[in-house]
Amino acid sequence: MKSTGPMESPEMERKRRSTIIWVIALAFVGLVFDGYDLVVYGAVLPGFMGPDAAKWIGDHALTPKDAGMLGSYAMIGMMLGALVAGTLGDLIGRRKVMLASIAWFSIGMAVSAMAETLTAFGVWRFITGLGVGALAGTTGAMAAEFAPPGKKNLATAFVYAGIPLGSLLSALLAIFLLPVIGWRGMFLIGALPLVTLLPLAIWKLPESVAWLASRGRLDEARKVSERTGVPIPETEIKPQQSAAASAADARAGWAGLFTVYLVPAIVIGFVSAFCLLLVYSLNTWLPKIMLPIMGQNGSLALLLVLNAGAMVGTLYGSTLADRHGPQRIVALGFLAGALAMGAIGLIAATIDVPMAAKAGEIQQLADVSGIVVALLLLTIAITGLGTSGTQTLIYGLAANYYRTNVRGAGVAWTAAFGRIGGIFGPIFGAFLAVKFAGELHSIFYVLGGIALVGLALTLIIPKSKAATVAQSMAPTTAPAAAVPASKSRLYGTIMAVVDHTGNKLTRARISEFVSLTGSKVHLVYLAPEHVLSAEVSQTDRDVDPKHVANLQAYVNEVNAQGVPAEGQILTATLYGRGKAVVDLAEQLRSDLIILNTEEGGQRAKAELAQEVARQNPKMAVLIARSTQ
């Protein structure tokens, strides 16, 4: 039998809202520092390669090759950290991994700031990367499991929007503070979570209720649920599965990921890798390769614009992902990025760009008009939307693709495999800077081509499990006779959509309404426990028996009013439920849809009505207002 959380009440709802706010906020701030670490090296890189490099670190200016390799050390650490976090997050819990990650990368940033040699700096960049990667690989699963119904992609993307915000802050602070506090001060800022975020997280960050339930620790899950107001997700009952399938679904972490989700994991991993190749190429080398056009502060301003565009893309794209599915929006992001980088290439081709200065030399600047600069800023912003902004949506795609007991591994794999692109990003950027020295437009044409590869890979991600599953039930009471043709009714078939939160008085009034206006009634229970596509399958038809009993009672109630009625349980992906409702209504040839769902309140009901209207503008929809 399925486990459920505490009964809904105003007090529990208040606790749940407070918990969600704290979890999302803490995860968001953690990834702000992740993004800060991403860009701070690129922000100080021109100084490491400039004429005064010896005053910064080491005894000589970095060459492009050395700079690329040094930038990749942190990426290697991030990849390994994300892989380890995936295993630990699914085995020992999300909370412990997140707290350890924050402490780890904060200490790493502080020690990096004290390094006196390039070797020591590179070693501590690698060590810092372990913590940063572990945090990125765990946060997506945590956000998805605490997010309110209907907002999972938005919540996940909002959390990962911390990465471009941190990148933006890094570029902004570099413009104003780098001349004052130097590169060591910039790195010390990245250590602030040790004395700010970590104490708050220890106090306010709970363990994931969904993770506790998935590990069979139901007593602990109930205690956390009562304390936080977060309900326990209903566990899956799959009696129709074969023993082999059941064993595969029981596997947690990497075992479950690479048995049930092998092909999607590989494809999503490559999508993440190509996107992060673009992200780290641009965030590391954009200030340097645009230095001949924009100057020192101008090239840093491009980082600011790049990551501002990423934030806009993340937040707006996540809203679209909740409506249309993350796969489509990720593909659209890659397309926007490819077109924007192609446009930058066309603009750069019209500029007489001076040769890039060699290590230790002063850079000569191109003569460009204000209009050209404005066009560059606009296209760079769109590039940010299509690279860093798209990467956050890829994390959201992964977090909502996999089931609970492999979600940590799935998100960690996406982050870790993607870091292969991050590792080669700085090196690849260095290669492009040397290979196409004096041909700035060619660099952006190549990067645009990589975005098109990411687009193609996104389009071939296998669909998760079946989007919609249904089972029917007839009334257990004596069937009502068909309504005589002589009795005029407004509607032939009425379809009423309900969920587990409907109250009895509203149900009674709807029963009375449909008995007076319809010739036949079809009651559809929209299952609440399968909002993720990964948790829907052809055999995944069993829901909490009490919900089945409620639906059966509803069917009997309408049937007793003298109108033939039958019920149906409908399980659909969250972002596919509007289409699922319309498809079923069209199969039944319904004349009216009544929405009596309560999960998420009136706003969620209105959004479902909008989804239905988008799918079929001619379908009549009635929203039933709750009666308390």
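Scroll up a little and you will see the structure.
Here the residue numbers are simple positions, counted from 1 along each chain's written sequence. A pLDDT threshold of at least 70 governs which residues receive local features in this predicted model, and a stricter bar of 80 or more applies before side-chain atom pairs are shown or counted, although totals over entire chains, interfaces and linings include all residues. Only hydrogens and water are set aside when side-chain values are computed; all heavy atoms of the structure are taken into account.

Chemist: I'm lost on the environment of Ile510 in this one. Help?
Modeler: Inspection of the secondary structure puts Ile510 in helix H19 (residues 504-517). Overall, Ile510 belongs to the buried group, its relative accessible area being 7%. The sequence separation of Ile510 and Ile594 amounts to 84 residues, and the corresponding C-alpha distance is 8.7 Å. By the convention used here, residues are in contact when the closest approach between their heavy atoms is within 4.5 Å. Dropping the residues within four chain positions of it, Ile510 is found in contact with Tyr554, Ile594, Asn596 and Ala624. Numbering goes from the N terminus for both helices and strands, where a helix is a DSSP run of H or I of at least four residues and a strand is a run of E of at least two. The cut-offs for exposure are 20% and 50% of the maximum accessible area for each residue type, with area from a 1.4 Å probe on protein chains only; residues under the lower value are buried, those over the upper are exposed, and the others partly exposed.

Chemist: Just to check I follow, could you spell out empty space enclosed by the protein for this structure?
Modeler: A water-sized probe, rolled over the atoms, reveals where empty space remains. With a 1 Å grid laid over protein atoms only, a set of points is called a cavity when a 1.4 Å probe fits there but cannot get out and a pocket when it is open yet has protein on both sides within 12 Å along at least five of seven lines; lining residues have an atom within 4 Å of a point. Grid points are joined across faces, edges and corners, and a volume is the space filled by probe spheres set on the points. Taken as a whole, this structure holds five cavities of 30 Å³ or more when the rule is applied. Here the largest cavity is characterised by a volume of approximately 90 Å³. Lining the largest cavity we find Asp34, Leu38, Ile163, Leu276, Val279, Tyr280, Ser388, Gln391, Thr392, Tyr395 and Arg419. For the lining of the largest cavity, the secondary-structure elements that each account for two or more residues are helix H1 (10-49), helix H12 (262-289) and helix H16 (388-399). For the lining of the largest cavity, the class distribution of residues is six nonpolar, three polar and two charged. Three categories are distinguished: nonpolar for Ala, Val, Leu, Ile, Met, Phe, Trp, Tyr, Cys and Pro, charged for Asp, Glu, Lys and Arg, and polar for the others, with Gly belonging to the last.

Chemist: How do you make sense of the packing of aromatic side chains when you look at a structure like this?
Modeler: The geometry of an aromatic ring pair is captured by two quantities: the separation of the ring centres and the angle between the planes. Only centres within 6.5 Å qualify two rings of Phe, Tyr or Trp (six-membered ring in Trp) as a pair; their planes then separate them into stacked at under 30 degrees, edge-to-face at over 60, and tilted for everything else. Using the criterion set out here, one finds eight aromatic pairs in the structure. Both rings, one in Trp183 and one in Phe187, keep their centres 5.6 Å apart while their planes meet at 85°; by these two values the pair is edge-to-face. Of the two residues, Trp183 and Phe187 are both situated in helix H6 (residues 162-189); the distance of four residues between them amounts to about one turn of the helix. We classify Trp183 as buried; its relative accessible area is 4%. For Phe187, a relative accessible area of 0% puts it in the buried group. Centre to centre, the rings of Trp413 and Phe417 are 4.9 Å apart; their planes meet at 35°, and the pair counts as tilted. Within this pair, Trp413 and its partner Phe417 are both found in helix H17 (residues 404-435), separated by four residues, close to a single helical turn. Ring-pair connections join several aromatic residues into one group, and the members of that group are Phe258, Phe270, Trp413 and Phe417.

Chemist: Any chance you could explain H12 here in plain terms?
Modeler: For an α-helix, 3.6 residues make a turn, and residues three or four places apart therefore share a direction. For a helix, the expected span equals 1.5 Å multiplied by the number of residues minus one. Compared with an ideal rise of 1.5 Å per residue, which puts 28 residues at 40 Å, H12 spans 39 Å between its outermost C-alpha atoms and is within 8% of the ideal. Most of H12 is tucked away: 23 of the 28 residues are buried.

Chemist: Sorry if this is basic, but what is going on with helix H4 (residues 118-146) here?
Modeler: Here H4 spans 42 Å end to end across 29 residues, near enough to the 42 Å set by a 1.5 Å rise per residue. Consider a residue and the seven residues that end there alongside the seven that start there; fitting an axis to each set, the bend is the angle between those axes. The sharpest bend along H4 comes to roughly 25°, located at Thr139. Burial analysis of H4 places 22 of its 29 residues in the buried class, the great majority of the element.

Chemist: Teacher, can you tell me more about the pattern of salt bridges here?
Modeler: Pairs can form between side chains of opposite charge whenever their charged atoms are close. Salt bridge, as used here, is a side-chain nitrogen of Lys or Arg placed within 4 Å of a carboxyl oxygen of Asp or Glu. Under the criterion given, the structure shown has five salt bridges. Residue Glu11 is joined to Arg14 by a salt bridge in which the shortest nitrogen-to-oxygen separation is 2.7 Å. Of this pair, Glu11 and Arg14 are both found in helix H1, three residues apart, which corresponds to roughly one turn of the helix. Here Glu11 falls in the partly exposed class, since its relative accessible area comes to 40%. Between Asp219 and Arg222 there is a salt bridge whose closest N-O contact spans 3.2 Å. Here Asp219 and its partner Arg222 are both found in helix H9 (residues 218-228), three residues apart, which amounts to about one turn of the helix. You can call Arg222 partly exposed: its relative accessible area is 36%.

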